[in-house]
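For reference, the chains in residue letters:
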Amino acid sequence: MNAEEIYNSVIDTVAAVMDEVRDDILAQMDVKGINASGRTAASLDVRRYEGGIRLGFFADGESIAPTETLEVGRPGGNVPKGFTAILYQWSIDKGIPFEKDSRRRSFAYLLGRRIQREGTLRHANPTDVYSTAVTVGLEKIKARIATDLKVKVTSALHEELVNT
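Just so it is clear, the structure is predicted and the values come from calculations on it, not from any experiment. (Residues numbered from 1 in each chain as written. Predicted model: local features only at pLDDT ≥ 70, side-chain atom pairs only at ≥ 80, totals over all residues. Heavy atoms only, no water.)

K.L.:
How should the packing of aromatic side chains be read in this particular structure?
P.N.:
In this description, an aromatic ring pair is defined by two values, namely the gap between the centres and the angle between the planes. Considering all chains together, one arrives at one aromatic pair under this definition. Each ring, one from F98 and one from F107, has its centre 5.2 Å from the other, and the planes form 45 degrees; the classification is tilted. Given the relative accessible area of 24%, F98 is considered partly exposed. Under the relative-accessibility criterion, F107 is labelled partly exposed at 26%. A cation over a ring is seen here: R74 above F83, with NZ or CZ 5.4 Å from the ring centre. (Phe/Tyr/Trp six-rings, centres within 6.5 Å; stacked < 30°, edge-to-face > 60°. Buried < 20%, exposed > 50% of the residue type's maximum accessible area, 1.4 Å probe, protein only. Lys NZ or Arg CZ within 6 Å of the ring centre and 35° of its normal.)

K.L.:
What is the right way to look at the pattern of salt bridges in this model?
P.N.:
Any two side chains of opposite charge can pair, on the condition that their charged atoms come close. Going through the model one piece at a time under the given rule, you end up with eleven salt bridges. Between D101 and R105 there is a salt bridge; the shortest N-O distance is 3.3 Å. You can see D101 and its partner R105 sitting in helix α5 (residues 101-118), four residues apart, about one turn around the helix. A residue is classified by how much of its surface remains accessible, and D101, at 38% relative accessible area, is partly exposed. Residue classification places R105 among the partly exposed positions, given a relative accessible area of 47%. Through salt bridges that share partners, D19, R22 and D23 make up one connected network. (Salt bridge = Lys/Arg side-chain N within 4 Å of Asp/Glu carboxyl O. Helix = DSSP H or I, 4+ residues; strand = E, 2+ residues; numbered from the N terminus.)

Right, dumping it as structure tokens:
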């Protein structure tokens, strides 16, 4: 087995584990009610590039939640321009029912004021969405690569000894 084949084997192993990590993160987002519109979840992907492979949120022009807010929410303080409109749409995406549109607008405004003052509920109570999945994934990658390389090196040495 040459160096390129070993490299490709390692990349395939890493990709397989990253796919598992992605699936674990998506499951956590679902179970913990993190999804609203689903854009952030849909943007989570494993992508190969010239130098290796990445697991990340690839927005591709879509508006998605900042990664860190999935676990730790948003602290109090300045809010972005148009925050009420953002929260208005969020309430629709979350499926929160209101009997009148004016109530939804009022809710979005008041929620924005509360977040500005105190931060989000997730900021007060962080939740593990991706930290454990990533840590477990890294350990799986280390273990699988070590096992695969041990098998390949042992096999290559055995073949070399048999052929001499």
